[in-house]
Amino acid sequence: MSDPKKLNNEPFDEQSIEQQPISIKSWGQKLLVALLCIASFYGGWKSYESNMANECYASGGQVIKGERTIICQLP
């Protein structure tokens, strides 16, 4: 019928709270989390590429973009 813990009028006690795992139930939430992960990875990758290009320019080099790589050509 009713949970006796909910009917108890005792003061709040942190130890009496049962820890429950957080679950993502909605497909919309799962999709949002997946998109955020992809966006975060892409942003991190572009930041890495930008940092590498800046280091190349700082050392006096020239950036040459290949098909899948970025090459720093020094004079």
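Everything numeric in this text was worked out from a predicted model, so none of it was measured. (Residues numbered from 1 in each chain as written. Predicted model: local features only at pLDDT ≥ 70, side-chain atom pairs only at ≥ 80, totals over all residues. Heavy atoms only, no water.)

Chemist: Sorry if this is basic, but what is going on with the state of the cysteines here?
Modeler: Put plainly, a disulfide is one covalent bond tying together the sulfur atoms of two cysteines. On inspection of all chains with the given rule, the structure shows one disulfide. In this model, C56 is linked to C72 through a disulfide, with the two sulfur atoms separated by 2.0 Å. Every disulfide takes its handedness from the sign of the S-S torsion; for C56 and C72 that torsion is 90°, giving right-handed. Placement of C56 in helix α2 (residues 27–58) and of C72 in strand β2 (residues 70–73) is noted, with a sequence separation of 16 residues between them. Relative accessible area serves as the criterion here: at 4%, C56 is assigned to the buried category. (Disulfide = S-S within 2.5 Å. Helix = DSSP H or I, 4+ residues; strand = E, 2+ residues; numbered from the N terminus. Buried < 20%, exposed > 50% of the residue type's maximum accessible area, 1.4 Å probe, protein only.)

Chemist: In this structure, what is going on with the pairing of strand β1 (residues 62–65)? I would like to understand it.
Modeler: Pairing analysis gives four bridges linking β1 to β2, with the strands arranged antiparallel. Among the inter-strand pairings, V63 is bridged to a residue of β2, identified as C72. The antiparallel hairpin formed by β1 and β2 contains four residues in its connecting segment. (Pairing = 2+ DSSP bridges.)

Chemist: In this structure, what is going on with the packing of aromatic side chains? I would like to understand it.
Modeler: We describe a pair of aromatic rings using the distance from one ring centre to the other and the angle between the two ring planes. This structure, assessed with the given rule, holds one aromatic pair. With centroids separated by 5.7 Å and ring planes inclined at 40°, the aromatic side chains of W45 and Y48 adopt a geometry described as tilted. Linking W45 with Y48, this pair stays in helix α2, spanning three residues, or about one helical turn. The partly exposed category is assigned to W45, whose relative accessible area is 43%. Here the guanidinium or amino end of K30 rests over the ring plane of W27, the centre of that ring lying 4.5 Å away. (Phe/Tyr/Trp six-rings, centres within 6.5 Å; stacked < 30°, edge-to-face > 60°. Lys NZ or Arg CZ within 6 Å of the ring centre and 35° of its normal.)

Chemist: What is the right way to look at α2 in this model?
Modeler: Note that an α-helix has 3.6 residues per turn; residues three or four places apart therefore point the same way. When the terminal C-alpha atoms of α2 are compared, their 46 Å separation across 32 residues agrees well with the 46 Å that a helix rising 1.5 Å per residue should span. Measuring from the backbone nitrogen of G28 back to the side-chain oxygen at the start of α2 gives 3.1 Å, which picks out S26 as the cap. (Expected span 1.5 Å × (residues − 1). Polar contact = N/O pair within 3.5 Å; in protein donor to acceptor, adjacent residues only side chain to side chain.)

Chemist: Even after reading the chapter, I still don't get the confidence of the model for the protein, so can you show me in this structure?
Modeler: Interpretation of the predicted coordinates at a detailed level should be avoided for regions scoring low in pLDDT. For the protein, the average pLDDT comes to 79, and 69% of its residues sit at 70 or higher. Per-element confidence in the protein is highest for α2, whose mean pLDDT is 92, and lowest for helix α1 (residues 4–7), whose mean pLDDT is 55. (pLDDT = per-residue confidence, 0-100.)

Chemist: Please clarify how the environment of E55 should be interpreted in this entry.
Modeler: Mapped onto the fold, E55 is located in helix α2. Taking relative accessible area as the criterion, E55 reaches 47% and is therefore assigned partly exposed. Taking the C-alpha atoms as reference, E55 lies 9.2 Å from C72; in sequence the two are 17 residues apart.

Chemist: Looking at this model, I keep getting lost on a nonpolar patch on the surface. Mind explaining?
Modeler: A grouping of F41, W45, Y48 and M52 is seen on the molecular surface, where their side chains present a nonpolar patch of about 470 Å² in accessible area. With respect to the secondary-structure elements, M52 resides in helix α2. (Patch = residues over 30% accessible without salt bridge, like charges linked within 9 Å, V, L, I, M, F, W, Y side chains within 5 Å. Areas by Shrake-Rupley, 256 points an atom, 1.4 Å probe, with all protein chains shown as cover. Salt bridge = Lys/Arg side-chain N within 4 Å of Asp/Glu carboxyl O.)

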